Amino acid sequence: MYTAIGYAAQSATAPLAPMTFERRALRPDDVAIEILYCGVCHSDIHQARNEWGIAVYPLMPGHEIVGRVTAVGANVSRYNVGDNVGVGCMVDSCQHCEACRSDLEQYCQEGPTMTYATADRIDGSNTMGGYSNSIVVSERFVLRIPASLDLPGAAPILCAGITTYSPLKHYGVKAGDRVGILGMGGLGHMGIKFAKAMGAEVTLFTRSPSKAEEARKQGADHVIVSTDPAQMQAASEHFDFLLDTIPVQHDLNPYLQTLKFDGVHILVGLIEPVDPALHAANLVLKRRVLGGSLIGGIAETQEVLEYCAEHGIRCDIEMLDIRHINEAYSRMIAGDVKYRFVIDMATLKG
Ligand code: NDP
Ligand code: ZN
């Protein structure tokens, strides 16, 4: 066993606080990683506060992990001590169901083991995430960080990046398509960059008129202020694809109406009931499709890391001292981060 330290929530109402705990001894296929950086995802807030009703405490968030290999198990073949590696939202899956065999471990029919707050498949212990100085993960769920990516900037690719890249690719977004990105936070700002790199004409839908200029710097061609009914109306039947990163319940109907016939609206931000209700006419009368998407498989996560390296795509990050993590959560909820906090794990020692 390794003694590790990190920041965890002890209950849904407790702030995150330092905690000492044990990481498991290496299994033959395990890689031990010294964590150098970890991105802060809005899912971390949902989970720390049990907003999805599935939290297990103590809950140590963090699934945008970048670090360096410090030890490898006897059967590890892909990684060596000293390699720069990443860990995203999953650390295990059944490996034999149809989804796993299709490189879609996130849809594992027995349920993937998430990086935090899930029972480990072998010893049943509660997984602890990346707000920590180390982690031990099977090499099957470890990613290689391309040499040309800077390490802190690569961390958010492991969740915000793959979650936006995967549905754009799955639904075949191509040059000339009109793509709308809903919400410009960690996921949304990456969505703009990917849609742009795929050749789409990109529009940001935002509540925040102040983000208009920055959205254009991210690559957006247009900005629609979603709280202005006139702007929403003017975009009627305009888009091929909408990627919805809004983390709270919101009215989908005005957004659906901005899709052309056969348009596709993909939810990634919401895993609660849709409220207010969806008006089915907004789907039926135009053969529109409403769907969802969860992160991406391990092979595709490696692919998006390479894609970012190749296309010079970089997350916009603000480095965070882990001692300010609770303040960072408040700032994220207020929309005050450009556009991803990344914890510098050196501050865990300081
Ligand atoms: P952020 O907090 O970084 O960004 C969310 C953005 O949504 C904000 O910047 C804001 O954009 C908009 N927004 C926030 N609150 C509201 C509101 N009340 N009404 C309308 N818009 C709002 O979050 P992330 O990008 O980290 O995560 C977004 C969501 O995606 C979260 O719910 C997260 O749990 C989920 N997620 C889902 C994954 C999946 O696999 N499906 C993976 C990772 C995250 P603006 O100011 O431009 O309006
Ligand atoms: Zn995430």
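Owing to the predicted nature of the structure, the values given are computational and were not obtained by experimental measurement.

1. Focus: the environment of Gly111
Of note, Gly111 is situated in the loop between α2 (98-101) and β7 (113-114). A residue is classified by how much of its surface remains accessible, and Gly111, at 24% relative accessible area, is partly exposed. Taking the C-alpha atoms as reference points, Gly111 and His238, separated by 127 residues in sequence, lie 37 Å from one another.

2. Some details on the domain arrangement of the protein chain
Along its sequence, the protein chain is organised into domain 1 (2-159 + 316-349) and domain 2 (161-292). Each of domain 1 and domain 2 has a C-alpha centre, and the two are 28 Å apart. Across the contact, 12 residues belong to domain 1 and 15 residues belong to domain 2. Both faces considered, domain 1 and domain 2 share a buried interface measuring about 1200 Å² in area, 50% of it formed by carbon and sulfur atoms. Counting every contact that joins domain 1 to domain 2 gives 12 residue pairs in polar contact (both at pLDDT 80 or more). Its residues assigned to classes, the side of domain 1 that touches domain 2 shows six nonpolar, three polar and three charged.

3. A closer look at the sheet that holds strand β12 (residues 222-225)
Ordered by their spatial adjacency, six strands build an open sheet running β12-β11-β10-β13-β14-β15, and the pairing between neighbours is parallel. The sheet is open, and its two borders are formed by β12 and β15 (289-292), each paired with just one other strand. Each neighbouring strand pair of the sheet contributes to a mean axis angle of 20°, computed without reference to strand direction. Packed on one face of the sheet, helix α4 (residues 160-170) meets β10 (178-182), β13 (239-244) and β14 (259-267) and runs near 155° to β13.

Procedures and definitions
Residues numbered from 1 in each chain as written. Chains lettered and ligands numbered in written order. Predicted model: local features only at pLDDT ≥ 70, side-chain atom pairs only at ≥ 80, totals over all residues. Heavy atoms only, no water. Helix = DSSP H or I, 4+ residues; strand = E, 2+ residues; numbered from the N terminus. Buried < 20%, exposed > 50% of the residue type's maximum accessible area, 1.4 Å probe, protein only. Domains from an automatic or database assignment. Contact = heavy atoms within 4.5 Å. Buried area = accessible area lost by both parts, 1.4 Å probe. Polar contact = N/O pair within 3.5 Å; in protein donor to acceptor, adjacent residues only side chain to side chain. Nonpolar A, V, L, I, M, F, W, Y, C, P; charged D, E, K, R; others polar. Pairing = 2+ DSSP bridges. Axes fitted to C-alpha atoms, helices over the stretch in contact; angles between N-to-C directions.

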